[in-house]
Amino acid sequence: MDRTDKEQLSLVKGTRQRYNEWIFRDVPSDITIEVNGGSFSLHKFPLVSRSGRIRRIVAEHRGDDISRFELLNLPGGAECFELAAKFCYGINFEITSTNVAQLCCVSDYLEMTEDFSKDNLGSRAEEYLESIVCKNLEMCVEVLQQCESLLPLADELKVVSRCIDAIASKACAEQIASSFSRLEYSSSGRLHMSRQAKCDGDWWIEDLSVLRIDMYQRVITAMKCRGVRPESIGASLVNYAQKELTKKSSLWNPSSQTKIDSNSTLHEKLVVETIVSLLPVEKLAVPINFLFGLLRSAVMLDCTIASRLDLERRIGSQIDVATLDDILIPSFRHAGDTLFDVDTVHRILVNFFQQDDSEEDPEDAFVFESDSPRSPSQTALVKVSKLVDNYLAEIAPDANLKLSKFLVIAETLPAHARTVHDGLYRAIDIYLKAHQGLSDLDKKKLCRLIDFQKLSQEAGAHAAQNERLPLQSIVQVLYFEQLRLRNSLSCSYGEDDPKPIHQSWRISSGALSAAMSPRDNYASLRRENRELKLELARLRMRLNDLEREHACMKRDMAKSGSRKFMSSFSKKIGKLSLFGHSSSRGSTSPSRNSHRTDSKVIERTCASTE
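Scope of this entry: the structure provided in the associated data block. Everything numeric in this text was worked out from a predicted model, so none of it was measured. (Residues numbered from 1 in each chain as written. Predicted model: local features only at pLDDT ≥ 70, side-chain atom pairs only at ≥ 80, totals over all residues. Heavy atoms only, no water.)

Strand order across the open sheet formed by three strands is E2-E1-E3, with mixed pairing between neighbours. Edge positions in the open sheet fall to strand E2 (38-42) and strand E3 (68-70), since each of these has one partner strand only. Each strand axis lies, on average, 20 degrees off the axis of its neighbour in the sheet, ignoring direction. As defined by bridge partners, strand E1 (residues 31-35) adjoins E3 across three bridges and the pair is classed as parallel. (Pairing = 2+ DSSP bridges. Helix = DSSP H or I, 4+ residues; strand = E, 2+ residues; numbered from the N terminus. Axes fitted to C-alpha atoms, helices over the stretch in contact; angles between N-to-C directions.)

Before going further, it helps to spend a moment on the nonpolar core. Membership of the largest hydrophobic core comes to 143 residues, with the highest contact counts inside it found for Ile 33, Leu 71, Phe 81, Leu 208, Met 223 and Ile 319. Those residues in contact with Ile 33, other than ones at most four positions away along the chain, are Gly 38, Ser 39, Phe 40, Leu 42, Leu 47, Ile 54, Phe 69, Leu 71 and Phe 81. (Core = buried A, V, L, I, M, F, W, Y, C linked by side-chain atoms within 4.5 Å. Buried < 20%, exposed > 50% of the residue type's maximum accessible area, 1.4 Å probe, protein only. Contact = heavy atoms within 4.5 Å.)

All chains considered together, the criterion is met by 15 salt bridges. Arg 218 is paired through a salt bridge with Asp 155; the nearest N and O atoms lie 2.9 Å apart. Residue Arg 218 is located in helix H11 (residues 213-226), and its partner Asp 155 is located in helix H8 (residues 153-156); the two are separated by 63 residues in the primary sequence. Classification of Asp 155 as partly exposed rests on a relative accessible area of 29%. A salt bridge links Glu 206 to Lys 243, with the shortest nitrogen-to-oxygen separation between them at 2.6 Å. Here Glu 206, found in helix H10 (residues 204-208), pairs with Lys 243, found in helix H12 (residues 230-244); they are 37 residues apart in sequence, far enough to count as distant. Owing to a relative accessible area of 38%, Lys 243 belongs among the partly exposed residues under this scheme. What you see here is one network of salt bridges that share partners, running through Glu 126, Glu 130 and Arg 162. (Salt bridge = Lys/Arg side-chain N within 4 Å of Asp/Glu carboxyl O.)

So, on to empty space enclosed by the protein. Tallying each qualifying case throughout the model produces two cavities of 30 Å³ or more. For the largest cavity, the calculated volume is near 50 Å³. As for the largest cavity, its lining consists of Ile 319, Ile 327, Val 345, Ile 348, Leu 349, Leu 387, Val 388 and Tyr 391. Elements with a minimum of two residues in the lining of the largest cavity: helix H17 (342-354) and helix H19 (378-395). Class assignment of the residues belonging to the lining of the largest cavity gives a composition of eight nonpolar, no polar and no charged. (1 Å grid on protein atoms, 1.4 Å probe; cavity = no way out; pocket = protein on both sides within 12 Å on 5 of 7 lines; lining within 4 Å. Points joined across faces, edges and corners; volume = space filled by probe spheres on them. Nonpolar A, V, L, I, M, F, W, Y, C, P; charged D, E, K, R; others polar.)

When you tally the buried positions in E1, you get four out of five residues, the bulk of the element. Examined bridge by bridge, E1 and E2 share five bridges and lie antiparallel to one another. Within the sheet, the bridge partner assigned to Glu 34 lies in E2 and is Ser 39. Between E1 and E2, which follow one another and run antiparallel, lie two residues, and Asn 36 among them has a positive phi close to 50 degrees.

A few words now on helix H14 (residues 288-300). In this model H14 runs 18 Å from its N-terminal to its C-terminal C-alpha over 13 residues, within 8% of the 18 Å that 1.5 Å per residue would give. By the criterion of burial, H14 is predominantly enclosed, with 10 of the 13 residues buried. Restricting attention to buried positions, one finds in H14 the residues Ile 288, Phe 290, Leu 291, Phe 292, Leu 294, Leu 295, Ser 297, Ala 298, Val 299 and Met 300. Looking one or two residues past H14, Asp 302 carries a phi angle of roughly 60 degrees, positive in sign. (Expected span 1.5 Å × (residues − 1).)

Take unusual backbone geometry next. Along the chain, Leu 151 connects to Pro 152 via a cis peptide bond; the corresponding omega equals 5 degrees. In this fold, Pro 152 is placed in the loop between helix H7 (137-147) and H8. A positive phi is found at Asp 119, a non-glycine position, where the angle reads about 55 degrees. The topology assignment puts Asp 119 in the loop between helix H5 (100-109) and helix H6 (121-131). Here the phi dihedral of Lys 158 falls at roughly 65 degrees; this positive angle occurs in a residue that is not glycine. With respect to the helices, strands and loops of the structure, Lys 158 is situated in the loop between H8 and helix H9 (159-181).

Everything listed is a geometric property; what it means functionally is a separate question.
What follows is the structure, given as structure tokens:
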């Protein structure tokens, strides 16, 4: 006899003992009813006066004078039937949140409705459910727990749906009330909501964690429809997952790499897939390390592809807040594969670079809508570039890591994402050291990823003496180190001294603009355009002032007729030259002959005017 049979036998014995305490012994019984292996010696009259089902069974066998029959599949079993029999005999008992669901189901099964007796068991249980249970969230959770063994009848009687609606409404109402209680006036007199570590209206999070996964899913879905905050939904999901996935360490045996306890594995697989389907669509509603934990569990438990892709998309949208420990996802495949799941990380990075940037400047949004997809912000790009370079350095020592996988991770970043290439150089150097059998062609493929012009002085000095690099790469390092040295020497030149050609080339050709995203580059060009327009406006105003001065001087010259005045006027005009060759930086002063010629022309003009 197994454990289940023993428990059922002990339950029947306990029920029979309680039954002997309340059954009438002064009147001999005339009917025996068997329920789930237990026998109840009862009387027909009290039963048929309340139960339509028993009345029909007795009426169908009236000629046979039936004295024994069995009730199959009675909800709640012998213990629940005992309560119904007590009610038929008029014996008082308390209806509670732990038995009201069973009473609703057994009253429907036995047809104990108002059609057969006034104020029957069905109406009593319904009244308690509506007036007591549905007004208390904890009681609703207890009733849902009892309904787990009463499906699908509890669903058909809408016991489950009423409790779920009550929980969702109660949680939403309390959250709204809590939000109003957090309203306060700031120092400026404005009304705002104070921030708290945990909302007072979220106390139900712990209560919901006792539900079975199917009931929990229905409750969370109802809460979403009622407008419960995404942060509260996310906190509930995290709490539920931590309780249900506590056995995840036993799902995998590191020594044999074989899955154990298949029933537990199937349960946890269902939990992971359900939680993924319930995740809020809003960013940062759940911590990113929780998403990575779900992803590891999904890979380990071989969850559906849709669940894994959904997690990868969610993680990709906020990968800039992740840490190195987060993206180090172990590989749960064959022993000959890599230590870490590189393919999953690559898909996450692709999702990051393909996302729409909702924080983009509205004025600039129209420029990129037709030309290219919107790109992440430059701050996020810098964070992700550092994260990727650290990840490459972490996976580089793996002997089973193929060059193609290393390259595909490194090439995922756009060219403008890495402002400094020290991290990439470090990762490539580690890979070259761990894979010394690479061909010269493969080494060149790796080193093409590095922009040696973006190496720091320390990294450049290390690369210049690195024997693992191809000769061509070392030559490039030495060349750019020479340029850097020449640039540092040029800093001592004066402003009027001619500067080296390579320095102006670096500023204009794009070493700076290469470190900018397309959006930032466009913003920089727009600022330069505005500055040029302002400068042009200033020049026009200056030209108008000169024209007015010239007209005034001509009028004064006509009145005075003084040759001395005209001579001073010609000198003043020479000083106010619009293009100012003498003051231009780096150009030579006008020759004496040209100065004499200009003076003669002005004197002739003055003479003719005179």
